[in-house]
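Single-letter residue listing:
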Amino acid sequence: EAGVAQSPRYKIIEKRQSVAFWCNPISGHATLYWYQQILGQGPKLLIQFQNNGVVDDSQLPKDRFSAERLKGVDSTLKIQPAKLEDSAVYLCASSFEGKNTEAFFGQGTRLTVV
Amino acid sequence: GDSVTQMEGPVTLSEEAFLTINCTYTATGYPSLFWYVQYPGEGLQLLLKATKADDKGSNKGFEATYRKETTSFHLEKGSVQVSDSAVYFCALTSSSGANSKLTFGKGITLSVRP
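Since the structure is predicted, the reported quantities are computational estimates derived from the model, not experimental observations.

A. Fine view of the overall build of chain B. Broken down by element type, chain B carries zero helices and twelve strands. The order of α-helices and β-strands along chain B, N terminus first, is β-β-β-β-β-β-β-β-β-β-β-β. A compact globule built from 114 residues would reach a C-alpha radius of gyration of about 13 Å, and chain B, at 14 Å, matches this within 12%. Overall, chain B is about 45 × 30 × 25 Å in size when its C-alpha atoms are taken along their principal axes. Expressed as a percentage of its 114 residues, the buried residues of chain B come to 46%. Contacts spanning at least 24 positions in sequence make up 56% of the contacts within chain B whose residues lie at least 6 apart.

B. View of the state of the cysteines. Counted by the stated rule, this structure contains two disulfides over all chains. A sulfur-sulfur separation of 1.9 Å characterises the disulfide bridge that pairs Cys23(A) with Cys92(A). Disulfide Cys23(A) to Cys92(A): torsion about the S-S bond roughly -70°, handedness left-handed. Of this pair, Cys23(A) sits in strand S3 (residues 19-24) while Cys92(A) sits in strand S9 (residues 88-95), placing them 69 residues apart in sequence. Among the residues examined, Cys23(A) registers a relative accessible area of 0% and is labelled buried. A sulfur-sulfur separation of 1.9 Å characterises the disulfide bridge that pairs Cys23(B) with Cys90(B). Between Cys23(B) and Cys90(B), the disulfide has an S-S torsion of -70° and is therefore left-handed.

C. Highlighting the pattern of salt bridges. All names here are of chain B. Taken as a whole, this structure holds five salt bridges over all chains when the rule is applied. With a closest N to O distance of 3.6 Å, lysine 56 and glutamate 63 form a salt bridge. The exposure class of lysine 56 is exposed, given its relative accessible area of 52%.

D. The interface of chain B and chain A, seen in detail. The interface of chain B with chain A comprises 22 residues on the first partner and 24 residues on the second. Buried surface at the junction of chain B and chain A, summed over both partners, amounts to about 1800 Å²; 48% is from carbon and sulfur atoms. The interface formed by chain B and chain A includes zero salt bridges. Applying the counting rule to chain B against chain A returns three residue pairs in polar contact (both at pLDDT 80 or more). Elements supplying a minimum of two residues to the side of chain B that touches chain A: strand S5 (32-38), strand S10 (86-93) and strand S11 (102-104) of chain B. It is S5(B) that contributes the most residues to the side of chain B that touches chain A, four residues altogether. Considered class by class, the residues forming the side of chain B that touches chain A number eight nonpolar, eleven polar and three charged.

About the criteria used
Every residue gets a number counted from 1 within its own chain, in the order that chain's sequence is written. Labels follow written order: the first chain is A, the first ligand is 1, and so on. Local features are withheld for residues below a pLDDT of 70 in this predicted model, meaning they are given only at 70 or higher, and side-chain atom pairs are given and counted only at 80 or more; totals for whole chains, interfaces and linings count all residues. In computing side-chain values, all of the structure's heavy atoms are included and hydrogens and water are not. Strands are runs of DSSP state E lasting at least 2 residues, helices are runs of H or I lasting at least 4, and numbering of each runs from the N terminus. C-alpha atoms define the radius of gyration, and 2.2 Å times the number of residues to the power 0.38 defines the globule rule. Classification of residues uses two cut-offs on accessible area relative to the type maximum, computed with a 1.4 Å probe and protein chains only: under 20% is buried, over 50% is exposed, and between them is partly exposed. In this description, contact between two residues means that some pair of their heavy atoms is separated by no more than 4.5 Å. Note on disulfides: each one is a pair of cysteine sulfur atoms within 2.5 Å. We count a salt bridge whenever a side-chain nitrogen from Lys or Arg sits within 4 Å of a carboxyl oxygen from Asp or Glu. In this description, buried area is defined as the sum, over both parts, of the accessible area (probe of 1.4 Å) that is lost when the two are combined. The term polar contact refers here to a pair of N or O atoms within 3.5 Å; inside protein, the definition further demands a hydrogen-donor-capable atom paired with an acceptor-capable atom, and it admits residues adjacent in sequence only when both atoms are side-chain atoms. All residues other than Ala, Val, Leu, Ile, Met, Phe, Trp, Tyr, Cys, Pro, Asp, Glu, Lys and Arg, Gly among them, are scored as polar; the first ten of these are nonpolar and the last four charged.

And the structure:
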């Protein structure tokens, strides 16, 4: 079974530039998560989708971050404009619909803002 | 809101030593509890889980028991190996509502020396 695919693996941009990350979840998984993992910290949930609807985006900095999940499958996360403090690993995960199910993670995109 | 607290790290052990990593949680309702592991250069992967009180999750020689009375889910292994060197994250999913939200602790780095 193919896992969660993310691209790119690495990205370096200058502050105030924009960047986009892509995620393809495991086939059949209705729930998709985007997490931000700053070095030395645990992953922080940015946004959670159920199919193509947003379930939770309470910790998404909406002035600069946006995410969409067209057709309830692939998802993109965008940052515009980027700040130095956005340097982190951005993780995508997916799971089957329902309570307390296991989430499967992609390898992440390491973003460095200089 | 939900939260997970892990003991401060890092932890360095000799091969074949006994391992305990503490984890306590705060959550509404009846959460499921997880331990995720992140090996160097790899993505997060589920190590073990427990979905109700007194359940014991186990995998690869690791064990953790869901203790509702102490709100804890400590990870243990009787004899660690060098290959266990990784970052370990305790996590929970809240059971209220129709969808699960996966909340992580800060993680702890384990280094096992030969």
